[in-house]
Amino acid sequence: MRVLVVGSGGREHALCWAIAASPLLTKLWCAPGNPGTASVAENVDIGALDIPALVAFAQGNAIDLVIPGPEAPLVAGLTDAMEAAGIPCCGPSQAAAQLEGSKTFTKELCDAAGIPTALWERFEDAEAAKEFVRRRGAPIVVKADGLAAGKGVVVAATEEEALEAIEAIMVARSLGEAGAAVVIEECLIGEEVSLFALCDGEHALALGAAQDHKRVGDGDTGPNTGGMGAYSPPPALTAELEQEAMSRILRPALAEMARRGTPFRGILFAGLMLTGDGPKLIEFNVRFGDPECQALLLRLKSDLLAALQAACDGELKHFDLRWHDHPSIAVVLAARGYPAAPESGSAIRGLDRAAAVPDAQVFHAGTRADPDGTIRAAGGRVLTVCATGKDLHAARASAYAAVDAIDWPEGFCRRDIGYRAL
Ligand code: AMP
Ligand code: GLY
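Here the residue numbering is sequential within each chain, running from 1 through the sequence in written order. All chains are assigned letters beginning at A, and all ligands numbers beginning at 1, according to the order in which they are written. Local features are withheld for residues below a pLDDT of 70 in this predicted model, meaning they are given only at 70 or higher, and side-chain atom pairs are given and counted only at 80 or more; totals for whole chains, interfaces and linings count all residues. Based on all heavy atoms of the structure, the side-chain values leave hydrogens and waters out of the count.

Remarks on the site of ligand 1
- Close to ligand 1 lie 15 residues, the nearest being Glu185, Glu186, Leu188, Glu192 and Glu283.
- Think of a polar contact as two N or O atoms within 3.5 Å of one another; within protein, one of them needs to be a possible hydrogen donor and the other a possible acceptor, and neighboring residues in sequence only count if both atoms come from side chains. Note that an oxygen atom of ligand 1 is positioned 2.4 Å from one of the side-chain N or O atoms of Glu192.
- Here Lys214 contributes a side-chain N or O atom positioned 3.0 Å from an oxygen atom of ligand 1.
- Numbered from the N terminus, helices here are DSSP runs of H or I no shorter than four residues, and strands are runs of E no shorter than two. Mapped onto the shell around ligand 1, the elements with two or more residues apiece are strand E6 (140-144), strand E7 (153-156), strand E8 (182-186) and strand E15 (278-285).
- Amino acids outside the nonpolar list (Ala, Val, Leu, Ile, Met, Phe, Trp, Tyr, Cys, Pro) and the charged list (Asp, Glu, Lys, Arg) are all regarded as polar, and Gly is one of them. Each residue belonging to the shell around ligand 1 can be placed in one class, and the counts come to eight nonpolar, no polar and seven charged. Consider each residue's heavy atoms; a residue with any of them within 4 Å of a molecule or strand counts as near.

This is how it looks when you write it as structure tokens:
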């Protein structure tokens, strides 16, 4: 198979790394990719949102399967455009990508399908939103309705904080048009986990779970980020709770999407809160998580490409996946200043030494390479340093040994990834 992966983060490097091991693969490209994907695929200089250029490339190179990493091209209609050109694409249509693109869409779907989630209300008027917050009190959650790259959510511990968030999002438009409306939600309390399923429109195959660490600082302090680290599997999600989440949350969502004539195909990512009343949905995403993907794929024994193709062909019903028993961990190395203002350009050395640490695997995210091969920081989240081990302690020791082998004074990471399970 001739395969094109779309995206340029640590998730896409991990996807390329796993797909490169498939016996089904004849040639792999990544658009636009990064210096890490260049080691397992051929990078193509086309941005992930340049849909016409991606389609032209796929046609010109007889691509058999397109695998989108991030949500933005899906929400912009990448799958529809590829399919109109006769090219299979393992992601949801623009209509189905609304599961991530619009919080209101997902909340209404939850209500229609009886999916357990936080109580919610949507406001297009800032004063009405503030009035609601004053009536409900804190803790309370304020979310921009549109796509805001993970920055549109404020979990407010106090009423004050919630009112400020409404002012910033709706009035000052700190997130642009994503803040034209807000969704205000009940604050769910519990352990948060990410559960993934591969979907073919009708069937959902559990892809395992991971726990992300969203705050920038140790002990879950500081601002929210795209994710500073993950480990898999999270013991908080027992096999029983995973079954419950699949049958009460993911499968009903899939059935409702099919019933509406917009079946969901691709990776469905359920952000769950394990509350005293069982798993409740925080949000859906229509793609793998980053860095959850990196942690999950280290544990996957089966051929990822075969699974993605089966999803595309509507043949997941009898598909089965095998996993390594060993847990895995992913530690994000970020550039100083992340998430507010990451510094670019510093040189990163010692990557070979890190890759030589037993059981470790380094994925690139925001990096670029000089002509002489020097790797430099070129983004907020710059590397994902991963490892497996006989238990989480061992995996963590290997991951941090690899982190410590990297010589990059301008970078930082959390030192406590996995602490909730240890
Ligand atoms: P999101 O951008 O929707 O992933 O939300 C960011 C984070 O906010 C989530 O990962 C949760 O930790 C938190 N969050 C979102 N909604 C709720 C809620 N209703 N109750 C508690 N925490 C929430
Ligand atoms: N790590 C969370 C996400 O990818 O949305």
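Remarks on helix H2 (residues 51-60)
- Within the sequence span of H2, burial applies to Ile51, Leu54, Val55, Phe57 and Ala58. Down the axis, H2 shows its buried residues gathered within 160° of arc, on one side only. Turned more than 90 degrees off the buried face of H2, the exposed positions are Pro52 and Gly60.
- Note on definitions: a residue-residue contact is assigned when non-hydrogen atoms from the two residues lie within 4.5 Å. Where H2 is buried, its residues meet strand E1 (2-7), strand E2 (27-32), helix H3 (72-75) and helix H4 (78-84). Exposure categories follow from relative accessible area, calculated using a 1.4 Å probe and restricted to protein chains: below 20% of the type maximum is buried, above 50% is exposed, and the middle band is partly exposed. This arc is built from the directions going out from the helix axis to the C-beta atoms.

Section: the site of ligand 2
- If you check the shell around ligand 2, you find Asp212, Gly226, Phe269, Arg287, Gly289, Asp290, Pro291 and Glu292 and nothing else.
- Separating a nitrogen atom of ligand 2 from a backbone N or O atom of Gly226 is a distance of 2.9 Å.
- Arg287 is positioned with one of its side-chain polar atoms (N or O) 2.9 Å from an oxygen atom of ligand 2.
- In the complex, 89% of the free accessible area of ligand 2, which totals 200 Å², lies under the protein chains.
- Looking at the shell around ligand 2 residue by residue, the classes come out as two nonpolar, two polar and four charged. For every accessible area listed, the method is Shrake-Rupley and the probe measures 1.4 Å; residues are considered covered only by the protein chains on display.

With respect to the packing of aromatic side chains
- A pair of aromatic rings is counted whenever rings of Phe, Tyr or Trp (Trp by its six-membered ring) have centres within 6.5 Å, and the orientation is called stacked for planes under 30 degrees apart, edge-to-face for over 60 and tilted otherwise. Tallying each qualifying case throughout the model produces five aromatic pairs.
- For the ring pair Trp29 and Phe57, a centre distance of 5.8 Å and an interplane angle of 75° mean the geometry is edge-to-face. Of the two residues, Trp29 is situated in strand E2 and Phe57 in helix H2; the sequence distance between them amounts to 28 residues.
- Note on Trp29: relative accessible area 4%, which makes it buried.
- Here the aromatic rings of Phe123 and Phe132 are separated by 5.2 Å at their centres, their planes lie at 45°, and the arrangement is tilted.
- In textbook terms, an aromatic cluster arises when at least three aromatic residues are bridged by ring pairs, as seen for Phe196, Phe269 and Phe288.
- Any Lys NZ or Arg CZ that is within 6 Å of a ring centre and within 35 degrees of that ring's normal is treated as a charge sitting over the ring. Across from the ring centre of Phe105, 5.5 Å away, lies the NZ or CZ of Arg260, which sits over that ring.

Remarks on the side chain of Arg11
- If you trace the backbone, Arg11 turns up in helix H1 (residues 10-20).
- At 2.8 Å, the side chain of Arg11 and the backbone oxygen of Phe288 are in polar contact.
- Once residues lying within four places of it in the same chain are set aside, the contact partners of Arg11 are Gly69, Pro70, Arg287, Phe288, Gly289, Asp290, Cys293 and Gln294.

Observations concerning the pairing of strand E14 (residues 265-275)
- Burial of E14 is extensive: eleven of the eleven residues sit out of reach of the surface.
- For strand E9 (residues 191-200) and E14, the ladder comprises ten bridges, and the chain directions are antiparallel. Across the sheet, the residue bridging to Cys199 is Gly266, located in E14. Here the rule is simple: two strands pair whenever DSSP picks up at least two bridges between them.

A word on the side chain of Asp416
- As for its position among the elements, Asp416 is in the segment after strand E22 (411-412).
- Asp416 sits in the buried class, given a relative accessible area of 10%.
- Within the structure, Asp416 has its side chain in polar contact with the side chain of Arg414 (distance 2.9 Å).
- Sequence-distant contacts of Asp416, that is, excluding residues within four places in its chain, are made with His213, Asp218, Gly219, Asp220, Arg396 and Tyr400.

Things to note about the layout of surface pockets
- Only protein atoms enter the 1 Å grid used here. Points where a 1.4 Å probe fits but cannot escape make up a cavity, open sets with protein on both sides within 12 Å along at least five of seven lines make up a pocket, and a residue lines them when an atom lies within 4 Å of a point. Grid points are joined across faces, edges and corners, and a volume is the space filled by probe spheres set on the points. If you add up the space inside the second largest pocket, you get close to 320 Å³.
- Along its surface, the second largest pocket is lined by 17 residues, and Leu351, Asp352, Ala355, His364 and Ile375 are the ones closest to its centre.
- When contributions to the lining of the second largest pocket are tallied by element, the ones reaching two or more residues are H1, helix H12 (351-355) and strand E18 (360-364).
- Across the lining of the second largest pocket, the residue classes tally to seven nonpolar, eight polar and two charged.

Considerations on the sheet that holds E7
- Reading across from one edge, E5-E8-E6-E7 is the order of the four strands in this open sheet, with antiparallel pairing throughout. Sheet topology places strand E5 (120-123) and E7 at the edges, where each strand pairs with a single neighbour. Averaged over all neighbouring strand pairs, the angle between strand axes comes to 20°, with direction disregarded.
- In terms of strand pairing, E6 meets E8 through five bridges, oriented antiparallel. Across the sheet, the residue bridging to Ile140 is Glu186, located in E8.
- Axes, fitted as lines to C-alpha atoms, cover a helix only where it is in contact. Angles between the N-to-C directions of the axes lie from 0 to 180 degrees. Seen against the sheet, helix H6 (residues 103-113) touches E5, E6, E7 and E8 and runs at an angle of roughly 145° to E5.

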